[in-house]
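Analysis of the macromolecular model
Residue-level listing of the chains:
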Amino acid sequence: MNGVLSPTDEVIAARDRIRSVREEIAKAVIGQAVVVDHLLVGLLAGGHVLIEGVPGLGKTLMVRALARTFGGRFARVQFTPDLMPSDVTGHELFDSTTGGFTFRKGPAFTNLLLADEINRSPAKTQAALLEVMQERQVTTEGRALPLDRPFMVMATQNPFEQEGTYPLPESELDRFLMKVLVGYPDEEDEARLLRLVTEGRVGSDFVLEHVAQVLTVEDVLALQRVTAGLRVDPAVHAYAVRIARATRDRVGIAHGAGPRATISLIRAAKGRALLEGNAFVTPDDVKRMAPAVLRHRIALAADLEIEGAPVDEVIAALLEDVEAPRL
Amino acid sequence: MSAATSEASPGAERSGSRPEPDDVRRGAPDLARGVALLRPRSAWEAVDFGFAFARPLYARMLVASALVVLPISTLLLLLRVPAEWVALAAWWTKPAWERISLHVLSRSLFGERPTVRETLRALPRYVRRDLLAWLTIRRPSPTRAFDLPVTQLEGASGVVRAQRLELLHRGRFTGASVLLLVFLAHLELALLVAIALLAAMLVPDPVDFDVMGWLFQLGDDAAPGASVALSLLSVLVSLAVAPFHVAGGFALYLHRRVDLEAWDLELAFRRLAARLEGRPSHPIAQAGRTIGVVVVLGLALGLAGPIPTHAEGLDPATARSEIAELLADEAFHRIETISVPRFLLDRELDDEEDDGPTAFAAWLEAFAERFAEVAEVGLVAAALGFLGWLSWRILRSREGVFGGSRRDGRARRVGAPRELFGLELAEETLPDDLAAAARTLLARGERRAALALLYRGALSRAGSLHGIQLSRGGTERECVDVVRAGMSEDGGRYFASLTDAWVRCAYGQIEPDPALSDGLCGEWSRWFAPGGGDA
């Protein structure tokens, strides 16, 4: 409130770059603009994203297109019941020429890691991701090997086929900055998608060659720094805290969100603010990101679970009850 | 049911006319034998008697009913009436077509045994009485089978029927009639499922066809023909069970009349008189079944006059002495020993009563009665309290979860509030001429303060002047959407510009350029001063 800042050139340039990334992804991913925005928010905030949706909605395509826009490396791991932690992180291999062990890096050593159907693997393998996601490093034989930056995990899960799955533990869910729901595209988008994939093409592979690289890995890191540096008024901080705390006292919520949710709310709000081209975070940014940040961090009470009340509806009602700040 | 058959013999012996076993099994007693079967029975014995009586007549009752119900149901199906509605109609009209079974039973009780053709020919006569009432207000009656004879056989309606039912229901058979309905309703359901299961079991393994899924998958997912099959099956099951329901109810009705009017004795006396007068023991069989049935039914239903006896010439005092003399006869002092299980506590109480009640027992009884009264009131109060508490909890839980937003969004919104978002919005906290005050601040270079005043004033007037209700949880952007919906397009656009300038200034520390500030200040009165653009 004391010094007067004008939007820096850095923020304006950042907004333009993000817009160009959006446009490139839109060449391959038809519709799903909201999901793409959430992914970009996750990338800008340096967080991980859990994506929930039925198969065939272009989740993998989305991630591959995103990786392509900044020339990042992309790895995909299909989680299965017999997947071992070392299949994700890497393993020591005996080298007969040197007579010693060398570390063969797993798919975690990448920029964008797509953990497909993460809930199909047992807790042991899921737990292997904990260190990777939180510490951004892999420890082997007492050595900590840092992962590449930027590093982002996008995990998918199917909401319907629950048989033979291992629900993610709360501690791991909390590591995800957001949980994004992917829905079916609307009719017009689906028709465009159909034309794009089927006209003059053999097979049903999606088109990625039109997606151009508009950023470098360093640009992404710079964007993350800009995001981190956005201004947040203390009233907005207080608003985020009020929202998170409201989940703990709320009737109908068995387990509320922890302090990590408050942190995630502000990080995600910063990402959204930059996406909107603002050098500051508003309560609106916090409120808009709250459902994605909170929906996997709260557990509904048994009666609401039985009733089948949607968690988003509970969050929406909660957000209406928490007074928005005004300066 | 076998009990009823075996118990029929002693009754018959009492009448002095032993029925042949075959006749009893056929359940086709003539007047003498049929009435001889009647004697005071417990409710369940009566129902058992009814079932035993109905078994030999089952086929003709079923066929006669089916000949009425099935063609109508089929016709409705052919007219494309939804199958579920057809099943519902068949169920709903039970009080009409159950009369067919009652007709067969009532005639057969007196030896007539009407054929299916005769039953159907007589249908218009007995089905019409009070039909509308039976298919509307009386349809939910749980004592239908017990009450139906009053309408169909006694021909009572209106006040007479009500008084008659009031008398009949005082007895011990009403509860049994209700339970009979409950039992047979469950039996119908069980039969329905059992037949479906049987069909499912008979499908060979290699055939991949889920009978149960096909049959019970209702609604939009129902397979073609499944609802027709299920509805027809339910109609058939209803037809199959209905004769027993009618027979059980009819038997209860008969035994209530035995209790009430000593009907069995009356008819035994008639038989005796007939025999003493040297008439054949089967007068109706010989004189013509139809006439006999009419006479006996008339007697049974109380329509015939009183039977002349020598008692008519007696004066009351002589009659009383003769009655006393008769009652002193050994025949009225027969002792029957019946064994029934009883609670030990009851036995102990009985023992105590044998010794005469003590003062303590009397006090205890009075105390227990008083305690029971108080406990009854307490229990009712507790139940009501619990229900109230439960309702309150549920409502509170729903409102706590959804904040009432699902049902009553208005309750959560605040119109022209004095305080909102931590801002003072009361009219008296605003300057009289807010635009002038803002201009003064602008002139002093306090653009942030000027914008804050304009924004606060706009929020206040949006409620008080334009009647726009803002939610406490609404962010700046959401308030813009709400105000835009409640004002003209230009007014909404102005508020959006003002909000944008304020947000940039407040959260981004980016002060608007002087031209924008002046413009916002100059235009404010147009939209938010009394008598302005939208006001």
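Residues numbered from 1 in each chain as written. Chains lettered and ligands numbered in written order. Predicted model: local features only at pLDDT ≥ 70, side-chain atom pairs only at ≥ 80, totals over all residues. Heavy atoms only, no water.

1. Examining the overall build of chain B
This is how it is decided: Elements are defined by DSSP. Helices are runs of H or I of four residues or more, strands are runs of E of two residues or more, and each kind is numbered from the N terminus. Burial status follows relative accessibility: with a 1.4 Å probe on protein chains alone, a residue under 20% of its type maximum counts as buried, one over 50% as exposed, and anything between as partly exposed. Throughout, a residue-residue contact means that at least one pair of heavy atoms, one from each residue, lies within 4.5 Å. Per-residue and other accessible areas follow the Shrake-Rupley method at a 1.4 Å probe size, with only the shown protein chains counted as cover for residues.
Secondary structure summary: chain B contains 27 helices and four strands in total. Taking all 535 residues of chain B together, the buried fraction comes to 40%. Here the contacts in chain B between residues at least 6 apart in sequence split such that 71% fall between residues at least 24 apart. For chain B, the accessible area works out to roughly 29500 Å², and carbon and sulfur atoms hold 61% of it.

2. Comments concerning the overall build of chain A
When helices and strands are tallied, chain A shows 13 helices and 13 strands. For chain A, the proportion of its 327 residues judged to be buried stands at 51%. Considering only contacts within chain A whose residues lie at least 6 apart along the sequence, 77% involve residues at least 24 apart. Entry remark: accessible area of chain A is about 14600 Å², with carbon and sulfur atoms responsible for 53%.

3. Considering empty space enclosed by the protein
Residue and element names in this part refer to chain A. Short version of the rule: Throughout, the protein atoms alone are placed on a 1 Å grid, and a set of points is a cavity if a 1.4 Å probe fits but cannot get out or a pocket if it is open with protein on both sides within 12 Å along at least five of seven lines; lining residues have an atom within 4 Å of a point. Grid points are joined across faces, edges and corners, and a volume is the space filled by probe spheres set on the points. Each residue is assigned to one class: nonpolar for Ala, Val, Leu, Ile, Met, Phe, Trp, Tyr, Cys and Pro, charged for Asp, Glu, Lys and Arg, and polar for all the others, Gly among them.
For the structure on display, the rule yields three cavities of 30 Å³ or more. Forming the walls of the second largest cavity are Ile18, Val21, Leu40, Leu43, Leu44, Thr69, Phe70, Leu215, Val220 and Leu223. Secondary structure elements with two or more residues in the lining of the second largest cavity: helix H1 (9-28), helix H2 (33-45) and helix H8 (217-228). Here the residues of the lining of the second largest cavity sort into nine nonpolar, one polar and no charged.

4. A short note on a negative patch on the surface
Residue and element names in this part refer to chain A. Cut-off, in case you're wondering: A patch consists of residues whose relative accessible area exceeds 30% and which take part in no salt bridge; residues with like charges are grouped when within 9 Å of each other, and nonpolar side chains (Val, Leu, Ile, Met, Phe, Trp, Tyr) when within 5 Å. Each reported salt bridge corresponds to a side-chain nitrogen of Lys or Arg within 4 Å of a carboxyl oxygen of Asp or Glu. None of His or the chain ends enter the tally, which takes Lys and Arg as positive and Asp and Glu as negative. In plain terms, the charge of a residue is placed at NZ if it is Lys, CZ if Arg, CG if Asp and CD if Glu.
Together, Asp186, Glu187, Glu188 and Glu190 make up a region of like negative charge exposed at the surface. You can see glutamate 190 is positioned in helix H7 (residues 187-198). Exposure remark for glutamate 190: the relative accessible area of 45% places this residue in the partly exposed category.

5. Details of the layout of surface pockets
Where empty space is left becomes clear once a probe the size of a water molecule has been rolled over the atoms. Residues and elements named next belong to chain A. Heads up, the condition is: An automatic or database domain assignment is the source of the domain bounds shown.
Taken as a whole, the second largest pocket spans an internal volume of roughly 810 Å³. Secondary-structure elements contributing two or more residues to the lining of the second largest pocket are helix H6 (170-173), strand S9 (176-181), strand S13 (299-300), helix H12 (302-307) and helix H13 (311-321). For the lining of the second largest pocket, the two domains that each supply at least three residues are domain 1 (1-229) and domain 2 (231-327).

6. Observations regarding helix H26 (residues 489-508) of chain B
Given 3.6 residues to a turn, an α-helix orients residues that are three or four positions apart in the same direction. Residues and elements named next belong to chain B. Going by this rule: In a helix, the anticipated span is given by 1.5 Å times the number of residues less one.
Compared with the 28 Å implied by 1.5 Å per residue over 20 residues, the 27 Å span of H26 between its first and last C-alpha is a close match. Within H26, 14 of the 20 residues are buried, which leaves it mostly tucked inside the rest of the structure. Downstream of H26 by one or two residues, glutamine 509 has phi in the positive range, about 55°.

7. Considering the sheet that holds strand S1 (residues 48-52) of chain A
Residue and element names in this part refer to chain A. Counted only if it meets this: By this definition, two strands are paired if DSSP reports at least two bridges between them. In this analysis an axis means a line fitted to C-alpha atoms, helices contributing only their contacting stretch, and an angle means the value between N-to-C directions, from 0 to 180 degrees.
Read from one edge of the open sheet, five strands run S2-S5-S8-S1-S9, paired in parallel fashion. Each edge of the open sheet carries a strand with a single partner, namely strand S2 (74-78) and S9. With direction set aside, neighbouring strand axes in the sheet form an average angle of 20°. Summarising the sheet, S2 and strand S5 (residues 112-116) pair through five bridges and their orientation is parallel.

8. What about the pattern of salt bridges?
All names here are of chain B. Under the counting rule described, the total for this entry stands at 33 salt bridges over all chains. Glutamate 154 is the salt-bridge partner of arginine 257, the closest N and O atoms lying 3.7 Å from each other. With arginine 257 in helix H15 (residues 226-261) and glutamate 154 in the loop between helix H11 (144-152) and helix H12 (158-169), this pair connects stretches of sequence that are 103 residues apart. For the pair arginine 257 and glutamate 154, one class covers both residues: buried.

9. Re the confidence of the model for chain A
Residues and elements named next belong to chain A. In plain terms, the rule: pLDDT is defined as a per-residue confidence score from the predictor, taking values between 0 and 100.
Summing up the model confidence of chain A, the mean pLDDT is 84 and the portion of residues at 70 or higher is 94%. The weakest mean pLDDT in chain A belongs to H12 at 76; the strongest belongs to helix H11 (residues 283-294) at 92. In the model, residues 1-6 has pLDDT below 50 throughout and makes 13 contacts with residues more than four positions away in sequence or in other chains.

10. A look at the environment of leucine 267 of chain B
Secondary-structure assignment places leucine 267 of chain B in helix H16 (residues 263-276). For leucine 267 of chain B and leucine 38 of chain B, which are 229 residues apart along the polypeptide, the C-alpha to C-alpha distance reads 9.6 Å.

11. Digging into the nonpolar core
Within soluble globular proteins, side chains that are nonpolar generally end up buried alongside one another. For clarity, the threshold we go by: To qualify as a nonpolar core, a set must consist of buried Ala, Val, Leu, Ile, Met, Phe, Trp, Tyr and Cys residues joined through side-chain atoms within 4.5 Å.
Counting residues in hydrophobic clusters, the biggest one holds 114 residues, and the most contacted among them are Met178 and Val286 of chain A. Of the residues forming this core, the biggest block, ten residues, is contributed by H26 of chain B. Here valine 286 of chain A is in contact with Val236, Tyr239, Ala240, Ile243, Leu265, Ile266, Ala269 and Val281 of chain A, once residues within four sequence places are set aside. With 42 residues, the next largest nonpolar core counts Leu57, Val104, Ala247 and Phe250 of chain B among its residues.

12. Some remarks on the packing of H2 of chain A against helix H10 (residues 259-275) of chain A
Residues and elements named next belong to chain A. What counts, and what does not: Roughly parallel refers to an angle under 35 degrees, roughly antiparallel to one over 145, roughly perpendicular to one between 65 and 115, and oblique to any angle outside these ranges. The sense of a crossing depends on the near helix, which, turned anticlockwise from the far helix by less than a right angle, makes the crossing left-handed and, turned clockwise, makes it right-handed.
Their axes nearest at 8 Å, the elements H2 and H10 cross at an angle of 115°. Compared by their axis directions, H2 and H10 come out roughly perpendicular. In the packing of H2 onto H10, the handedness of the crossing is right-handed. Along its contact with H2, which presents Asp37, Leu40, Val41, Leu44 and Ala45, the element H10 presents Arg267, Ala268, Gly271, Arg272, Leu274 and Leu275. Grouping the constituent residues of the contact of H2 with H10 by class yields seven nonpolar, one polar and three charged.

13. Focus on the packing of aromatic side chains
What counts, and what does not: Two rings belonging to Phe, Tyr or Trp (six-membered ring only in the last case) form a pair when the distance between their centres is within 6.5 Å. Interplanar angles under 30 degrees mark stacking, angles over 60 mark edge-to-face geometry, and anything in between is tilted. Criterion for a charge above a ring: Arg CZ or Lys NZ at most 6 Å from the ring centre, at most 35 degrees from the ring normal.
Per the stated rule, a full pass over the model turns up 13 aromatic pairs over all chains. Both rings, one in phenylalanine 94 of chain A and one in phenylalanine 101 of chain A, keep their centres 5.6 Å apart while their planes meet at 70°; by these two values the pair is edge-to-face. Pair check on accessibility: phenylalanine 94 of chain A and phenylalanine 101 of chain A agree, each one exposed. Between phenylalanine 49 of chain B and phenylalanine 53 of chain B, the ring centres sit 6.1 Å apart and the planes meet at 0°, which makes this aromatic pair stacked. Of this pair, phenylalanine 49 of chain B and phenylalanine 53 of chain B are both found in helix H4 (residues 43-54), four residues apart, which corresponds to roughly one turn of the helix. Three or more aromatic residues joined by ring pairs form one cluster here, namely Phe360, Trp363, Phe367 and Phe371 of chain B. Residue placement shows arginine 139 of chain B over the ring face of tryptophan 91 of chain B; its charged tip is 4.3 Å from the ring centre. Above the plane of the ring of tryptophan 92 of chain B lies arginine 139 of chain B, whose end atom (NZ or CZ) is 5.5 Å from the centre.

14. A word on the side chain of arginine 456 of chain B
Looking at the secondary structure, you find arginine 456 of chain B in helix H24 (residues 447-464). With residues near it in sequence (within four places) discarded, arginine 456 of chain B still touches Leu423, Glu424, Leu425, Thr429 and Leu430 of chain B.

15. Comments concerning the pairing of S1 of chain A
Residues and elements named next belong to chain A. Most of S1 is tucked away: five of the five residues are buried. What you see with S1 is no split at all: His48, Leu50 and Glu52 on one side and Val49 and Ile51 on the other are buried throughout. Bridging between S1 and S9 involves five bridges; their strand directions are parallel. Across the sheet, residue glutamate 52 finds its bridge partner in S9, namely leucine 181. Here S1 runs beside strand S8 (residues 152-157); their pairing, made up of four bridges, is parallel. Bridge assignment links isoleucine 51 to a residue of S8, and that residue is threonine 156.

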